[in-house]
There are 2 protein chains.
Amino acid sequence: MQFTSEPRLNDGVVERDFLLGEIPGILWTPEPTSTPAPLILLGHPGGLARMRPRLAARARLAAADGFAAATIELPGAGDRPKLTAVDAARADLRRALEAGERVDDDIIDRLVLPLVEQAVPEWRAALDGLLSLPEIEGPVGYSGGVISIGVRLATVEPRITAAGLFAGSFIPRAILEEARLVTIPLHVLLQWDDEGNDRQAALELFDAFGSPEKSLHANMGGHTGVPAYAGEDAAAFFTRHLG
Amino acid sequence: MQFTSEPRLNDGVVERDFLLGEIPGILWTPEPTSTPAPLILLGHPGGLARMRPRLAARARLAAADGFAAATIELPGAGDRPKLTAVDAARADLRRALEAGERVDDDIIDRLVLPLVEQAVPEWRAALDGLLSLPEIEGPVGYSGGVISIGVRLATVEPRITAAGLFAGSFIPRAILEEARLVTIPLHVLLQWDDEGNDRQAALELFDAFGSPEKSLHANMGGHTGVPAYAGEDAAAFFTRHLG
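Residues numbered from 1 in each chain as written. Chains lettered and ligands numbered in written order. Predicted model: local features only at pLDDT ≥ 70, side-chain atom pairs only at ≥ 80, totals over all residues. Heavy atoms only, no water.

Looking up chain A in an unreviewed UniProt entry gives the name Alpha/beta hydrolase, with the organism given as Leifsonia poae.

Pasting the structure below:
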């Protein structure tokens, strides 16, 4: 893990770009204090350049509660090499949605599973690098992004002790089964009136999670209209578990 | 409305019993200040004597945020005259549940609708009395209790500007239809693993509400195991809307 930019100070948060091998990433830390900060990994749908303003806003909220935040680019997104098979599945998905057809399980598997397979080891490697920095220590939370990546990370990565997930993407059956193995505290956001979201699948996933402590917060406002108070509730969740 | 007890000061809250005609009630107000307090009506399943400790705890939380709180006994409960037809429906419900049978819509109608018909005018009369006191003024919120009473109150009583509801009881089809007319901000709690609760009916009711701002918070812990943080989120909801 190599820093590739000078630290930039912005609203009390220090922002630094880094490379993990060939994978670009961003680290935000609260203004230097003597105590190392807990870490929240910020998930996203891919495309760091486009997502940077929203990720920076989430990182500033995390920093206000004393947390560092970090993210890396997803496989196939931004300037990373294309994933041809995933792109083909995405084209198939688009065709099915435009034709008003039921989306076949096979399309969802081809779209999501290779992404999970490749991304999860990358996030774990990023965690190795991040936790070796003097300004960061555990516990670690995972927040948002492609929910199937969050489920797999919560299942296989013991350093992640709490996760805030956003129910808003297609979920392979295999991931639904993995959800039963998740035992860490979960805070799941669902936009109830999100027309691009399969609400029933999201409820089924929430039900499947094995965690003794799990909360589902459903709100109105459409896909991108998550209300500000939902962010405050999620922040309280991470403060309870990482603070 | 007549006070029937001396004010008792307990943990910074003044508690007074009252009678509204023949109906017993309890009023909790924050320790006297110069500004009148907003009011939260505390719903409950009936039986004030049994419920008093839990109601007092909710009132203390409300008082900490600057709110007065009040409640009245439900029709047919505590020392109030029995409602024979409702009691017969309750016995039919118990028989159906014990036999593992599907609960007939007719039983739910006979159990819930007469209660709603009688209770709602009583709560509105209580509101008249409470709002005439110098230490209380609007806005008014309604919190918890039999959800069908909450739905009807939210539909017909314009002085109630926000409601926190607990999805945990049987819901007549007529009330589900009324829910579409509700437009005030709603905060709905659901115990996801409450075996005595029809989860699908609760989700259907949440979906039916016409309110542009509505949130569903589903948690684990069984019927009576609402986690403390769920109370904090509900308190934040009332502070946003009544504070």
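Moving on from the model shown.
Undergrad: Tell me what's going on with the pattern of salt bridges, and back it up with residues and numbers.
TA: Applying the stated criterion to the full structure yields 42 salt bridges over all chains. Across the salt bridge formed by B:Glu204 and B:Arg173, the nearest N and O atoms sit 3.6 Å from each other. Of the two residues, B:Glu204 sits in helix 6 (residues 199–208) while B:Arg173 sits in helix 5 (residues 173–179), which places them 31 residues apart along the sequence. Owing to a relative accessible area of 36%, B:Glu204 belongs among the partly exposed residues under this scheme. Within the structure, one salt-bridge network assembled from shared partners comprises A:Arg8, A:Glu15, A:Asp17 and A:Arg52. (Salt bridge = Lys/Arg side-chain N within 4 Å of Asp/Glu carboxyl O. Helix = DSSP H or I, 4+ residues; strand = E, 2+ residues; numbered from the N terminus. Buried < 20%, exposed > 50% of the residue type's maximum accessible area, 1.4 Å probe, protein only.)

Undergrad: Got a sec to walk through the environment of B:Leu130? Specific residues and values, please.
TA: Residues and elements named next belong to chain B. Position of Leu130 among the secondary structure elements: in helix 3 (residues 105–131). Classification of Leu130 by relative accessible area gives buried; the value is 1%. Separated by 101 residues in the primary sequence, Leu130 and Thr29 have C-alpha atoms spaced 11 Å apart.

Undergrad: Could you give an account of the pairing of strand 5 (residues 37–43) of chain A, with specific residues and numbers?
TA: Residue and element names in this part refer to chain A. Strand 5 sits mainly inside the fold: 7 of its 7 residues count as buried. Relative to strand 7 (residues 136–144), strand 5 is paired through 6 bridges, and the arrangement is parallel. Across the sheet, the residue bridging to Ala37 is Ile136, located in strand 7. Pairing of strand 5 with strand 6 (residues 68–72) involves 3 bridges; the strand directions are parallel. Bridging from a neighbouring strand, Ile40 pairs with Ala69 of strand 6. Since strand 5 and strand 6 lie parallel, the crossover through helix 1 (residues 48–64) that links them has a hand, and here it is right-handed. (Pairing = 2+ DSSP bridges. Right-handed = clockwise from strand over helix to strand, strands pointing away.)

Undergrad: Before we move on, can you summarise the packing of aromatic side chains with the specific residues and values?
TA: Two numbers describe a pair of aromatic rings. These are the distance of the centres and the angle of the planes. In total, this model carries 8 aromatic pairs over all chains according to the counting rule given. Lying across the ring of B:Tyr229, A:Arg240 places its NZ or CZ 3.7 Å from the centre. (Phe/Tyr/Trp six-rings, centres within 6.5 Å; stacked < 30°, edge-to-face > 60°. Lys NZ or Arg CZ within 6 Å of the ring centre and 35° of its normal.)

Undergrad: Quick rundown of helix 3 of chain B? Include the residues and the values.
TA: Here helix 3 of chain B spans 37 Å end to end across 27 residues, near enough to the 39 Å set by a 1.5 Å rise per residue. Largest kink in helix 3 of chain B: about 25°, centred on B:Val116. (Expected span 1.5 Å × (residues − 1). Bend = angle between axes of the 7 residues up to and from the residue.)

Undergrad: Any chance you could break down the relation of the copies chain A and chain B for me, citing the residues and the numbers?
TA: Least-squares fitting of chain A to chain B yields an RMSD of 0.0 Å, with the transformation described by 0.0 Å of translation along the axis and a rotation of 180°. Read as a symmetry element, the transformation amounts to a two-fold axis. Minimal C-alpha distance to the rotation axis in chain A is attained by A:His217, lying at 2.3 Å. In this assembly, 100% of the residues forming the interface of chain A have copies in chain B that are likewise at the interface, indicating an isologous arrangement. (Least-squares fit on C-alpha atoms with pLDDT ≥ 70 in both. Contact = heavy atoms within 4.5 Å.)

Undergrad: Residue-level account of the interface of chain A and chain B, with values.
TA: The interface is formed by 17 residues belonging to chain A together with 17 residues belonging to chain B. Between chain A and chain B lies a buried interface of about 1,700 Å² when both sides are counted; carbon and sulfur atoms form 53% of it. Of all residues in chain A, A:Trp192, A:Met220 and A:Tyr229 bury the most surface against chain B, accounting for 31% of the area lost on that side. Inspection of the chain A/chain B interface yields 2 salt bridges. A salt bridge links B:Arg199 to A:Asp207, with the shortest nitrogen-to-oxygen separation between them at 3.2 Å. Along the contact surface separating chain A from chain B lie 11 residue pairs in polar contact (both at pLDDT 80 or more). Mapped onto the side of chain A that touches chain B, the elements with two or more residues apiece are helix 6 (199–208), strand 10 (214–219) and helix 7 (228–242) of chain A. With 6 residues, the single largest contributor to the side of chain A that touches chain B is strand 10 of chain A. Here the residues of the side of chain A that touches chain B sort into 8 nonpolar, 3 polar and 6 charged. As judged from the 3 bridges shared by strand 10 of chain A and strand 10 (residues 214–219) of chain B, these two strands associate in the antiparallel manner. For A:Ala218, the partnering residue across the bridge sits in strand 10 of chain B and is B:Leu216. (Buried area = accessible area lost by both parts, 1.4 Å probe. Polar contact = N/O pair within 3.5 Å; in protein donor to acceptor, adjacent residues only side chain to side chain. Nonpolar A, V, L, I, M, F, W, Y, C, P; charged D, E, K, R; others polar.)

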